[in-house]
Amino acid sequence: MNGQTDVLVVGAGLAGLHTATRLAELGHAVHLVERRPTLSGTIRTTGIFVRRTLDDFDLPTAHLGPPIRRVVLYPPDRRRPVVLESDRDEYRVGDMGPLYEATADRAARAGVHLALGTRYAGRHLDTHALDTPTGPAAVRARFVVGADGARSHVARHLGLDRNRHLIVGAEEVYATTGPVGPPTFHCVLDPSLAPGYLAWVVDDGAHAHVGVAGYPDRFSCGMVRTLDRFAASAPGLPAARRTGQVERRGGPIPVGGLLRGIASPDGLLVGDAAGAVSPLTAGGLDPCLRLSELAAEVLDDALRTGRRDRLARYDGAALRARFRGRLLLRRGLSLVRTPALASASFVPLRTPAGRAAARRILFGDRSFPTP
Ligand SMILES: Cc1cc2nc3c(=O)[nH]c(=O)nc-3n(C[C@H](O)[C@H](O)[C@H](O)COP(=O)(O)OP(=O)(O)OC[C@H]3O[C@@H](n4cnc5c(N)ncnc54)[C@H](O)[C@@H]3O)c2cc1C
């Protein structure tokens, strides 16, 4: 791939696919490069979409599992869990391989030129080096978009901020015997399994996902062994219901809030690369779509007016100010370091006020501030 384009988008996760599609729909020439050879391999997300995303974005519904309205929160000893039911459909789990491919088809129809198996290798002025399946190549672009995940290379090449506050997550995906009871999202607050975060089972009757996440240096016997331990006794998912392991997923999750410096006159960052993840819930799918909308709007303006300084409107510091509450709650969660403290935190959670607060976080309308 040698040539010239308006925008080079690096990374075909949801953030890159959405930004590229929006820009192409606005009439710009867009190259999207992805280092993975296929979009259905090496998936790094459970794929839980929240109600607000399902309401606001046109996702390919054929690749979304059944709605989930029930969340069960467990203390470390799993006794007396807190059950929260919503009267609305709160979550749906994406079948992410086909969902990425359907999203890429939509991008291609909008005119995006997608190159798989192509790694971004750096830049000199407006010329960007790529490693393609057939050898090195170069592309000239007026702007570059870093949609290349939590450890963004584009951020480094543009001299922008980079994620420093990361947790890591891993999960196993199982085929199951089919629906038994209502689709349920089980969350276990136990720092011996998920230090600084939660262990989870999402069983929507189509697939079951069993995962753990937390601060990497706090897993006493390593994350993979901890995941195995949790999977052996995962709540709501007896071994008899699992008909086979489909895949194992994992990756870093930035939880330090949106980065301050996410744009320069040469380009900008979206998705995990920009730290666009809720610091509390670690959900990044809704934030990456919302921030991508703003990124496309700002780039469209800069391309139409020929003014690079318009990218200053893409201001991470201003957006970050709206993360204060979530950053405080993240700090609170990170301080739950012992099972005893986790158990103690269930005392207020079992009160009406505690249940109402949990409902606001889990069933609320504010997964990410609208930019
Ligand atoms: C285990 C786990 C479970 C999660 N579960 C959920 C969930 O259920 N719900 C939720 O809302 N959030 C979840 N998250 C967070 C969410 O998945 C991410 O925030 C979101 O997927 C980020 O999308 P993205 O497009 O920014 O990044 P990514 O999906 O990471 O995409 C980045 C892409 O860039 C490519 N790339 C990287 N470097 C280069 C390069 N040099 N050249 C070319 N391509 C490159 C990568 O291959 C990748 O495809 C989870 C995260 C993890 C790790």
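Residues numbered from 1 in each chain as written. Predicted model: local features only at pLDDT ≥ 70, side-chain atom pairs only at ≥ 80, totals over all residues.

**As for the overall build of the protein**
So, point 1. Along its length, the protein carries 11 helices and 17 strands.
So, point 2. Here the C-alpha atoms of the protein give a radius of gyration of 21 Å, agreeing with the 21 Å that 2.2 N^0.38 yields for 371 residues.
So, point 3. If you line up the protein on its principal axes, its C-alpha atoms span 60 × 40 × 40 Å.
So, point 4. Burial statistics for the protein: of 371 residues in total, 46% are counted as buried.
So, point 5. In the protein, the proportion of contacts linking residues at least 24 apart, taken out of those at least 6 apart, comes to 72%. (Helix = DSSP H or I, 4+ residues; strand = E, 2+ residues; numbered from the N terminus. Rg over C-alpha atoms; globule rule 2.2 N^0.38 Å. Buried ≥ 20, exposed ≤ 12 C-beta atoms within 10 Å, placed from the backbone. Contact = placed C-beta atoms within 7 Å.)

**Thoughts on the pairing of strand β11 (residues 166-176)**
So, point 1. Note: β11 against strand β15 (residues 242-254), 11 bridges, orientation antiparallel. Looking across to β15, one finds that Val 168 is bridged to Pro 252.
So, point 2. Two strands pair when backbone bridges link them, and β11 and strand β14 (residues 207-214) are joined in this way by 8 bridges, in the antiparallel orientation. Residue pairing for β14: Glu 171 is matched across the bridge by Gly 211. (Pairing = 2+ DSSP bridges.)

**Some words on the site of the ligand**
So, point 1. Around the ligand sit 37 residues, and of these Gly 11, Gly 13, Thr 45, Gly 271 and Gly 284 come closest.
So, point 2. Among the elements of the structure, α1 (14-25), β8 (119-124), β11, β15 and α6 (285-305) are those that each provide at least two residues to the shell around the ligand.
So, point 3. Taken together, the residues that form the shell around the ligand break down as 12 nonpolar, 15 polar and 10 charged. (Near = placed C-beta within 6 Å. Nonpolar A, V, L, I, M, F, W, Y, C, P; charged D, E, K, R; others polar.)

**Re the packing of α1 against helix α3 (residues 96-110)**
For any two helices packed against each other, one specifies the crossing angle of their axes together with the interaxial distance.
So, point 1. Direction vectors running N to C along α1 and α3 enclose 25 degrees, while the axes themselves pass 8 Å from each other. For the element pair α1 / α3, the angle class is roughly parallel. The chirality of how α1 crosses α3 is left-handed. Here Leu 17, Ala 20, Thr 21, Ala 24 and Glu 25 of α1 lie close against α3, whose contacting residues are Thr 103, Ala 104, Arg 106, Ala 107 and Ala 110. (Axes fitted to C-alpha atoms, helices over the stretch in contact; angles between N-to-C directions. Parallel < 35°, antiparallel > 145°, perpendicular 65-115°, else oblique. Left-handed = near helix turned anticlockwise from the far one by under 90°.)

**Details of the sheet that holds strand β12 (residues 184-188)**
So, point 1. In space, the 7 strands of this open sheet follow the order β5-β4-β12-β13-β14-β11-β15, with mixed pairing throughout. Two strands lie at the open edges of the sheet, namely β5 (82-85) and β15, each paired on one side alone. With direction set aside, neighbouring strand axes in the sheet form an average angle of 15 degrees.
So, point 2. Of the strand pairs in this sheet, β12 and strand β13 (residues 199-203) are connected by 5 bridges, and their pairing is antiparallel. Each bridged residue has a counterpart across the sheet, and for Thr 184 the counterpart in β13 is Asp 203.
So, point 3. Sheet contacts for helix α11 (residues 352-363): β4 (70-74) and β5; angle to β5, the most-contacted strand, approximately 55 degrees.

**Overview of the environment of Glu 85**
So, point 1. When you line up the elements, Glu 85 lands in strand β5.
So, point 2. Taking C-alpha positions, Glu 85 is 43 Å from Ala 312, a pair spaced 227 residues apart along the chain.
So, point 3. Those residues in contact with Glu 85 that sit more than four places away from it in its chain are Arg 69 and Arg 70.

**What to know about the pairing of strand β10 (residues 135-146)**
So, point 1. Examined bridge by bridge, strand β1 (residues 3-10) and β10 share 7 bridges and lie parallel to one another. Each residue of the ladder has a partner; that of Thr 5, found in β10, is Ala 141.
So, point 2. Strand direction decides the pairing type here: strand β9 (residues 127-132) and β10, joined by 6 bridges, are antiparallel. Note that in β10 the partner of Leu 130 across the bridge is Ala 137.

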